[in-house]
Protein chains: 10
Amino acid sequence: MAGIATLDAASPLVPRLPLSSATLFTAKAQKGLTFAQLGEALGRDEVAVAALFYGQAQASEADIQKLAQTLEIPQVVLERQLSGFPDRGHMVDLPPKEPLIYRLFEIVQNYGYAYKAVLNEKFGDGIMSAISFTTKVEKEVDEQGTWAVITLRGKW
Amino acid sequence: MAGIATLDAASPLVPRLPLSSATLFTAKAQKGLTFAQLGEALGRDEVAVAALFYGQAQASEADIQKLAQTLEIPQVVLERQLSGFPDRGHMVDLPPKEPLIYRLFEIVQNYGYAYKAVLNEKFGDGIMSAISFTTKVEKEVDEQGTWAVITLRGKW
Amino acid sequence: MAGIATLDAASPLVPRLPLSSATLFTAKAQKGLTFAQLGEALGRDEVAVAALFYGQAQASEADIQKLAQTLEIPQVVLERQLSGFPDRGHMVDLPPKEPLIYRLFEIVQNYGYAYKAVLNEKFGDGIMSAISFTTKVEKEVDEQGTWAVITLRGKW
Amino acid sequence: MAGIATLDAASPLVPRLPLSSATLFTAKAQKGLTFAQLGEALGRDEVAVAALFYGQAQASEADIQKLAQTLEIPQVVLERQLSGFPDRGHMVDLPPKEPLIYRLFEIVQNYGYAYKAVLNEKFGDGIMSAISFTTKVEKEVDEQGTWAVITLRGKW
Amino acid sequence: MAGIATLDAASPLVPRLPLSSATLFTAKAQKGLTFAQLGEALGRDEVAVAALFYGQAQASEADIQKLAQTLEIPQVVLERQLSGFPDRGHMVDLPPKEPLIYRLFEIVQNYGYAYKAVLNEKFGDGIMSAISFTTKVEKEVDEQGTWAVITLRGKW
Amino acid sequence: MAGIATLDAASPLVPRLPLSSATLFTAKAQKGLTFAQLGEALGRDEVAVAALFYGQAQASEADIQKLAQTLEIPQVVLERQLSGFPDRGHMVDLPPKEPLIYRLFEIVQNYGYAYKAVLNEKFGDGIMSAISFTTKVEKEVDEQGTWAVITLRGKW
Amino acid sequence: MAGIATLDAASPLVPRLPLSSATLFTAKAQKGLTFAQLGEALGRDEVAVAALFYGQAQASEADIQKLAQTLEIPQVVLERQLSGFPDRGHMVDLPPKEPLIYRLFEIVQNYGYAYKAVLNEKFGDGIMSAISFTTKVEKEVDEQGTWAVITLRGKW
Amino acid sequence: MAGIATLDAASPLVPRLPLSSATLFTAKAQKGLTFAQLGEALGRDEVAVAALFYGQAQASEADIQKLAQTLEIPQVVLERQLSGFPDRGHMVDLPPKEPLIYRLFEIVQNYGYAYKAVLNEKFGDGIMSAISFTTKVEKEVDEQGTWAVITLRGKW
Amino acid sequence: MAGIATLDAASPLVPRLPLSSATLFTAKAQKGLTFAQLGEALGRDEVAVAALFYGQAQASEADIQKLAQTLEIPQVVLERQLSGFPDRGHMVDLPPKEPLIYRLFEIVQNYGYAYKAVLNEKFGDGIMSAISFTTKVEKEVDEQGTWAVITLRGKW
Amino acid sequence: MAGIATLDAASPLVPRLPLSSATLFTAKAQKGLTFAQLGEALGRDEVAVAALFYGQAQASEADIQKLAQTLEIPQVVLERQLSGFPDRGHMVDLPPKEPLIYRLFEIVQNYGYAYKAVLNEKFGDGIMSAISFTTKVEKEVDEQGTWAVITLRGKW
């Protein structure tokens, strides 16, 4: 429907990202591939692939191999750039200023204690892990319009 | 499984909440009802009921009537205390300090741009509404253990 | 359409407001009057009346007289409580956390420099006054739905 | 009346803006065009064009074509630089320090709850969208002097 | 022209002020005296008297005697409440949110380095004392309108 | 008495200033001129000239011509660098950390409400403009030593 | 060696703690018991008991029974006050200002990335849980003096 | 098990680190050595070596010699780069955003006062030094899974 | 020379202080004693006594006995109020706003790295303890005027 | 005892320092001189020399001449780089993060009001100047170990 997510070379995000982000986004733009297409190529969810592009998730050997092949990047380059452990958390301002990301934060702000109360009643004292965690984005259309559905699934 | 979510009378949350929160939580504790049970009584999702208890959602006439009946609170009291428009956003620190709520914030912090990229590719430029929005909490158990599943569904 | 704006007695706003706010909002709730109705009674725009209720604008002698009459508050009480000069700016968090108010702030955040560029090109170097300033809220309905229209008019 | 809004090459704004901003502002300065003139050329409001220059709005195919033509920039350059989705919200400090933009923020700070009260009474609980949103700037002159009039129109 | 500066009993300033502020402002309101009139009674500049009312300056024995007499407060009460050393700096938010006070801060923000450059060229390296310091407020009227003139005089 | 205000090439101020600041300060240092001498050459107050050097004020055509002549900078360079509208407010930290500038801020912090009370009593509700505003710095010497006197004059 | 940890009735911590904290600390002071002694009585580590006193951990049925018995508090009071789910994270300033707690924070600040590097090399990408977590405090004495030893043990 | 901790050349950490960090991490990556292996080579704990790599600890002459030998870096280069005194504390955000480091901070936030109470009862008033301090990381495996154990040992 | 340091009952400091502060300062004011006089009575430095009054230092048994006697406070009251371990660090804003305290902070801000460089050169890597620490205040008068001399003495 | 204080070329301090800092520290490292040795060469206290190196103090003509000679830097270079007025206050974070500097800040935090009380009692209302100010660092050794002694001497 829309286009390809890219990384602007002058973006204020760039100094907050690892080397691999520029490498991967440049190739993605040249190939004209969406994260959904890349997700299919890698056999992983598209959000996980996007997180990997932003340096928030660690690539497995298989991921690197498929990324190199799909994006036509020399595998040795990707291996070197993706060999480290992710250093997370530098991207988003506090509070988030980007409107789409702010909306997600606003849900946490307004529903946070409601989630906590319901989760505590359902599971007892504890937390939902943000690390043993998977997530996905889906699109639903009904008579009221188009809906974005985000599912968060974390270990208790 | 676990117990009843309550509102401690000395909690630092109290000065951030409307009058109705104390009224509703006190009655909830006395009746020993979970939000799931209250949700059934009101015909609404338990997270929405919890949000209403924390003053983050507006009660309809029907909600008030059923709450008064279920919790044995004089209806006139609830009507007066729930008549205003919600003044949202006072509850959660910036950044959230409560560990469970922090985990939700951390998901936004680490996956924010991944969500944005995937949502933009799926829907084009825009945002997912945090207002035309529904949400639910579910429990899943598999061989790896227990999982909390939160679904966010917002109008694009 | 909707109801009456009130001031919750336990609201975190109360310690940020002058004495007169509690007096005025209590009477408004008892009378069941909207700001539009109060605006008609005072011959002033409803937003200006709301600003006066929140202690952000100074009441004239005529305002006090009409408010006392319309809300059946002893005039001497209002005169005493409204005699001071407004001490503005304590109400809104930085950044605003209330979702409706956040949206207004987000407009400033995203369009701020666009407004500045267009205003500078239209008027030269300078500012639009927020003091010699009037504002109004209107409702428009078209085939796309309902629209809120806010007009800001400030001296250059 | 006044001059042309430009982007200083050493401005602290530059690292907060996409590549396209420098490209567009440089051409605008060379052509000596105001946003009003560009708005006419593009058939869009001048504020929307300014927002596009600052990377806060997405350019349509038609916008790109007309910008390339009017500003004599190779269309392929603009297409590449404007192909991404806007990453908004990086420009304005919190609180805004620029005096003109601060005045707009001050209006939100002082009138925020007054707007909320009147909007809630007119429309019920909810928000005015900052995304399904249009805005314009007009100039009025009367015996008291010159006035800047900003209109905000958002979906409820 | 205007009225009497008072201290609202519910003002968010009150918890930031010493006991003496409430005592003095209550008496001032009852007597209906301006700071100019009090300044004449005390033989001190009106700004200094206002600073004393807000607990930012220390009262001399003579000040206390004249204040007690002029405001008809038992001298022993004032002596006890004004005997301590001022604990300054608690009143103003950072940045100031009150519009009038913000304007003064904005002058510092925008002209700060210009003042520093000119003062350094006139006096060499050093500072203008904010402690060995006097200040006054004057009113000027000319064909352009009314002007407020604030003079700051500090030891180098 | 002292020397010439300059702009250190490695100063943390440089990335907060427009291109013109480096151009102007470099020439000023080479010519060895004070702001007082430049003020005479331009027929403007020295503080206004300093503000112009720091990009906080807009240069008129006459200013540019005289600056070019006095500082022997090609006029076309100054015209290009000074053609934009000032983007103010980036220079000073919050709170100011520079000791001299902090002292000015401390005056606002400690005397802010005293100024407000006296100004309100003298002029009624309103503000002193920081835009329709002139200012000057003078030196006084008496038996107690040397005094810096800053005068702020703003439209009410 | 030293004394009994107590909770000052005027402490700025009190408004950040649940009701149970005052109840428990008052009884602890009256009984003159250390956390080590309470830990023995409850069969839990002393740090866990202290965390329970500060409302940071949930009491089991057995904990409540033993606390009631040891501290001679009516069991029904403790059951009511300790029935809720802990609302954590309100106690410590950001950054911590208390010198002892600051030292712990300083260790995180200075060794944070060293811990991360070593943990990643030992365990791969992931985190050490702060929830599935136990901790203890021990005292060691050698010829260099007295040492405090804190052990953190968290699930990977 | 996992891999080698590296320093991404574009990492936002780099501008917060001394020159030696890049030198050391580059050589470490080329040699493919873990901190455990380097710790053995230097006869120091692996966490201490990691802290040295991040510029948080001072290298002794012996450390430099062994590092030069083990990593095949010219000793003169290391001597020059490691000759200064560590300038600590620049690496970690406040609050920490990196999830692993945040967990350590969360322990301080939630257990801070519990540690203080137990330490005070065990040692009297005072602090645990973060300077006369050693620390280590160990791995434990039991039927519940894998545990990371961090020991902090500081002079009282 | 000057007067007695007191604690205003409405001071914003009060909620940041333990119960004992009000007890001690009230008695000090009634007795009209300076900290120098109290220091003599206790055989401790006056700054240490003042720190004890503000709850920043722990009182020994001997201190309590002498304070009870000198200030005529029942010893049992002081014993109860001073029995806990000091919870330090709540008093001063960040940055300090009180002008006298700000000056001390400004010395740290401006001379911090100079102290560090000189201390490192004199003592090697390490810190000066703020806990194993004594301090005193002295007055010197010379032909240039009056000087305050503060000595900080900390274990390396 | 220890070594030479240097300025790491990649230090996060560098962008906060003037050009002269790099020049001076480079020469100091090459010459292998301590601040004590430089202080002797300049006839000034070593802390004052360090402050000058960090751009926090102004160099006199004599200072420049002796620095040029001692460090073998062309005098014309130093004259140009040290000709401006110091722009202070950029170096230290708020709160300070460097452990040694934090300890000094902690002394202000914990003893601030104790110093104020004692200074007020000794000198009356006022402040100790941080500008008309000298300071020195000394080393004392006794049976308890090594002590750092910092003396602050400021005009009242």
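No experiment lies behind these values; they were computed from the predicted model shown.

Cut-offs and rules
Residues numbered from 1 in each chain as written. Chains lettered and ligands numbered in written order. Predicted model: local features only at pLDDT ≥ 70, side-chain atom pairs only at ≥ 80, totals over all residues. Heavy atoms only, no water. Buried < 20%, exposed > 50% of the residue type's maximum accessible area, 1.4 Å probe, protein only. Helix = DSSP H or I, 4+ residues; strand = E, 2+ residues; numbered from the N terminus. Pairing = 2+ DSSP bridges. Axes fitted to C-alpha atoms, helices over the stretch in contact; angles between N-to-C directions. Contact = heavy atoms within 4.5 Å. Least-squares fit on C-alpha atoms with pLDDT ≥ 70 in both. UniProt positions renumbered as here; feature names shortened; annotations may be inferred. Polar contact = N/O pair within 3.5 Å; in protein donor to acceptor, adjacent residues only side chain to side chain. Buried area = accessible area lost by both parts, 1.4 Å probe. Salt bridge = Lys/Arg side-chain N within 4 Å of Asp/Glu carboxyl O. Nonpolar A, V, L, I, M, F, W, Y, C, P; charged D, E, K, R; others polar. Arc of directions from axis to C-beta.

Engineer: Before we go on, may I ask you to explain the pairing of strand S2 (residues 145–155) of chain I in this structure?
Structural biologist: Looking along a regular strand, one sees the side chains alternate between the two faces of the sheet. Within S2 of chain I, 8 of the 11 residues are buried, which leaves it mostly tucked inside the rest of the structure. Judged from the 10 bridges that link them, strand S1 (residues 133–142) of chain I and S2 of chain I form a sheet pairing that is antiparallel. Note on S2 of chain I: the bridge partner recorded for Asp142 of chain I is Gly145 of chain I. Joining the antiparallel neighbours S1 of chain I and S2 of chain I is a turn of 2 residues. Sheet analysis places S2 of chain I next to strand S2 (residues 145–155) of chain J, joined by 9 bridges and oriented antiparallel. Counted as the bridge partner of Ile150 of chain I is Leu152 of chain J from S2 of chain J.

Engineer: Whenever I open this one, the sheet that holds strand S1 (residues 133–142) of chain D confuses me. Can you help?
Structural biologist: Through backbone hydrogen bonds, the strands of a sheet pair up, either in parallel or in antiparallel fashion. Taken in spatial order, the 4 strands line up as S1(C)-S2(C)-S2(D)-S1(D) in an open sheet, and their pairing is antiparallel. Two strands close off the open sheet at either side, each with one partner strand: strand S1 (133–142) of chain C together with S1 of chain D. Taking each pair of neighbouring strands and ignoring which way they run, the sheet shows an average axis angle of 20°. Against the sheet, helix H6 (residues 99–123) of chain D makes contact with S1 and strand S2 (145–155) of chain C together with strand S2 (145–155) of chain D, and its axis sits at roughly 40° relative to S1 of chain C, the strand it touches most.

Engineer: What should I look at first to understand the relation of the copies chain C and chain D in this one?
Structural biologist: A rotation about an axis combined with a shift along that same axis relates the two copies of the chain. If you rotate chain C by 180° and push it 0.0 Å along the axis, it lands on chain D with an RMSD of 0.0 Å. Put plainly, the chains are arranged around a two-fold axis. Relative to the rotation axis, the closest C-alpha in chain C is found at Thr151 of chain C, a distance of 2.3 Å. Taken together, the interface assignments show that 100% of the residues at the interface of chain C recur at the interface of chain D, consistent with an identical surface on both copies.

Engineer: Hey, could you run me through the UniProt feature "active site" (unreviewed entry) in chain A in this one?
Structural biologist: With numbering aligned to this structure, UniProt lists the feature "active site" (unreviewed entry) at Arg103, Glu106 and Ser129 of chain A. Residue position: Glu106 of chain A is located in helix H6 (residues 99–123). Taking relative accessible area as the criterion, Glu106 of chain A reaches 1% and is therefore assigned buried. When neighbours within four sequence positions are excluded, Glu106 of chain A is seen to be in contact with Ala130 and Ile131 of chain B together with Pro99 and Arg103 of chain C. Tracing the sequence through the fold places Ser129 of chain A in the loop between H6 and strand S1 (133–142). With a relative accessible area of 15%, Ser129 of chain A lands in the buried category. If sequence neighbours within four positions are ignored, Ser129 of chain A has contacts with Gly154 and Lys155 of chain A. At a separation of 2.9 Å, a polar atom in the side chain of Ser129 of chain A contacts the main-chain amide nitrogen of Ile131 of chain A.

Engineer: Please clarify how the environment of Ser83 of chain F should be interpreted in this entry.
Structural biologist: Tracing the backbone shows Ser83 of chain F in the loop between helix H5 (75–81) and helix H6 (99–123). According to the relative accessible area criterion, Ser83 of chain F is partly exposed, its value standing at 37%. With 25 residues separating them along the chain, Ser83 of chain F and Gln58 of chain F place their C-alpha atoms 8.4 Å apart. Excluding its chain neighbours within four sequence positions, the residues that come into contact with Ser83 of chain F are Ile4 and Thr6 of chain D together with Gln58 of chain F. Polar contacts involving the side chain of Ser83 of chain F include one to the main-chain carbonyl oxygen of Arg80 of chain F, which spans 3.1 Å.

Engineer: Hey, could you run me through the UniProt feature "domain: Cyanate lyase C-terminal" (unreviewed entry) in chain A in this one?
Structural biologist: Summarizing the sequence annotation, UniProt attributes the feature "domain: Cyanate lyase C-terminal" (unreviewed entry) to residues 90–156 of chain A in the numbering used throughout. This span, residues 90–156 of chain A, is 37% helix and 31% strand, and a straight line between its end C-alpha atoms measures 26 Å.

Engineer: For this particular structure, what's the right way to read the interface of chain C and chain D?
Structural biologist: Reports of interface size often rely on the accessible area that becomes lost once the parts have come together. Contact residues are listed per partner, giving 75 residues for chain C and 75 residues for chain D. Buried surface at the junction of chain C and chain D, summed over both partners, amounts to about 7500 Å²; 71% is from carbon and sulfur atoms. For the pair chain C and chain D, the number of links is 10 salt bridges. Between Arg153 of chain D and Asp142 of chain C there is a salt bridge, with the nearest N and O atoms lying 3.4 Å from each other. Linking chain C to chain D there are 26 residue pairs in polar contact (both at pLDDT 80 or more). Those elements that provide at least two residues to the side of chain C that touches chain D are helix H2 (35–42), helix H3 (46–53), helix H6 (99–123), S1 and S2 of chain C. At 24 residues, H6 of chain C tops the list of elements feeding residues into the side of chain C that touches chain D. For the side of chain C that touches chain D, the residue count by class is 43 nonpolar, 17 polar and 15 charged.

Engineer: I keep staring at the arrangement of the chains and nothing clicks. Help me out?
Structural biologist: Contact between chain F and chain G is absent, and the least distance between their C-alpha atoms amounts to 18 Å. With no contact between them, chain E and chain H keep their nearest C-alpha atoms 19 Å apart.

Engineer: For this particular structure, what's the right way to read helix H4 (residues 61–71) of chain F?
Structural biologist: Residues separated by three or four positions in an α-helix point in the same direction, a consequence of the helix having 3.6 residues per turn. All names here are of chain F. When we look at burial in H4, the residues that qualify are Asp63, Ile64, Leu67, Ala68 and Leu71. Within H4, the buried residues cover an arc of 130° as seen down the axis, which keeps them to one side. Turned more than 90 degrees off the buried face of H4, the exposed positions are Glu61 and Gln69. Tucked into the core, H4 has its buried residues touching helix H1 (19–31), helix H2 (35–42), helix H3 (46–53) and H5. Looking at the residues trailing H4, positive phi occurs at Glu72, about 55°.

Engineer: When you look at the pattern of salt bridges in this model, what are you seeing that I'm missing?
Structural biologist: Proximity of charged atoms lets side chains of opposite charge pair with each other. Residues and elements named next belong to chain B. This model, assessed by the stated rule, comprises 110 salt bridges over all chains. The shortest N-O distance in the salt bridge between Arg44 and Asp63 comes to 2.5 Å. With Arg44 in the loop between helix H2 (35–42) and helix H3 (46–53) and Asp63 in helix H4 (residues 61–71), the pair connects residues that are 19 residues apart, well separated along the chain. With a relative accessible area of 30%, Arg44 lands in the partly exposed category.

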